[in-house]
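Here is how the chains run, residue by residue.
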Amino acid sequence: MKQVLVWWTMVLAVTCEAQMQWWPTEVSATSGVWLAEGDMRDVIEAPAFGGYAGWMTRATNGWAAFFGGVEHGGFVGVHRIGSSLYGWQPQIGWTLRTGQTRLVGWSFSTGLAYNSTVYNAEEPDPRMEAVGSHLNALVRLGITVANDSPISLGLGVLHTSNGGVRRPNKGINTPQAKLIVRLVETPRRRVYMDGATPKNFRSAVGLGLGGRDHAAYGGHIYGVQELFAQTTYIVSPRYGLTAQAAVVHHGALRADPNTDAPSDTLAANVLDRLQPGVSAGWSWMFGRARLDLIKGAVLVNPTPGFIHGYNKAQLFLSVHPTLDAFVSLRFTDWRADYVSAGVALRWGSSERECHTCPKWDL
């Protein structure tokens, strides 16, 4: 009988441990207000709010030590925009927090959001011009207070839009506060990819495929293909200076300005649809992930309705010591030109070769 009880006890313990890994490490609640424009202000009925569950891990060694410890992982949740016309917005994504051994740190989230109600070109409604597609990207940037505690506070701005793939695309911007409750102690793990060694170069060649909607309110979606070469000078294990040269094949250059339809006479030669460009800017490096914010200019054949100058945001994730997956957004004056995704082959000083990164656990 005693052996049976011991056996059942071991089975229950293993079962509970297996179930625990599926439980979220934290839950959070948000409250804020949608900063709508024009006629869309009339549809705001109440403050925005939402609820989330997150599965986070923590690291304090390697490249994470340079950011005062980091916490990162996936999340799922729902966000009510503050209007019954727009309804609820299910969300899924990934969050990175820095300064986990300090009082205040940065917070960055990215992912996908789904809108059940969107702008309908057949029944135009200026109140619905914020969202032109069901599937949208989300970005949230903010700060967190009392990181290393069971309860912490986050302050930030949530932005959701489709990057110009389908217009109208004014987007939804929501300044918000977030109350984070950690249900269990956040699991710790070692960091094996340690960040690049300062005063070295890392270079890459990338290929991306994307698209954009040329018309203001739901027209033709034109394909975009971009090939780029860039190099980054490592200033510190956290930061780098980046320069990029790119050639973009932009399908919107063939759009008739009156009908938005593809034209057989406009940009008929493939050379007329190429946009060579150069840019430079800043990189933040988070081990396997890096964020580039660069500014540059198209040398010839600018996109219809856009000036030569542009801004570009790129998020890279290392999937192999020499291969990155990335998503990219090019925009001007807060209006998106196109969004793309692809792969980049890199060489030079890799994370595994860092000789100055701390290897201990704090």
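For the structure itself, look to the data block above.
Residues numbered from 1 in each chain as written. Predicted model: local features only at pLDDT ≥ 70, side-chain atom pairs only at ≥ 80, totals over all residues. Heavy atoms only, no water.

**Student:** Looking at this structure, how should I read a nonpolar patch on the surface?
**Tutor:** Residues Trp55, Val76, Ile92, Leu112, Tyr114 and Leu135 make up a contiguous nonpolar surface patch of about 540 Å² in total accessible area. Along the chain, the position of Tyr114 falls in strand β5 (residues 104-114). A relative accessible area of 39% means that Tyr114 is categorised as partly exposed. (Patch = residues over 30% accessible without salt bridge, like charges linked within 9 Å, V, L, I, M, F, W, Y side chains within 5 Å. Areas by Shrake-Rupley, 256 points an atom, 1.4 Å probe, with all protein chains shown as cover. Salt bridge = Lys/Arg side-chain N within 4 Å of Asp/Glu carboxyl O. Helix = DSSP H or I, 4+ residues; strand = E, 2+ residues; numbered from the N terminus. Buried < 20%, exposed > 50% of the residue type's maximum accessible area, 1.4 Å probe, protein only.)

**Student:** Looking at this model, I keep getting lost on unusual backbone geometry. Mind explaining?
**Tutor:** The phi angle of most residues is negative, glycine excepted, and most peptide bonds adopt the trans form. In this structure, Pro168 follows Arg167 across a cis peptide bond, with omega equal to 10°. Relative to the helices and strands, Pro168 is located in the loop between β7 (151-161) and β8 (172-182). The phi dihedral of Lys199 is positive, around 65°, even though this residue is not glycine. Looking at the secondary structure, you find Lys199 in the loop between β8 and β9 (201-213). The exposure class of Lys199 is exposed, given its relative accessible area of 67%. One non-glycine residue, Asn301, lies in positive phi territory at about 55°. Mapped onto the elements of the fold, Asn301 is located in the loop between β13 (289-298) and β14 (309-320). Residue classification places Asn301 among the partly exposed positions, given a relative accessible area of 26%.

**Student:** Even after reading the chapter, I still don't get the side chain of Ser161, so can you show me in this structure?
**Tutor:** Counting through the fold element by element, Ser161 comes out in strand β7. Its relative accessible area of 12% is what places Ser161 among the buried residues. Within the structure, the side chain of Ser161 is placed 3.0 Å from the side chain of His159, a separation counted as a polar contact. Residue contacts for Ser161: discarding those within four places in its chain leaves Asn136, Ala137, Asn169 and Gly171. (Polar contact = N/O pair within 3.5 Å; in protein donor to acceptor, adjacent residues only side chain to side chain. Contact = heavy atoms within 4.5 Å.)

Geometry only, nothing functional implied.
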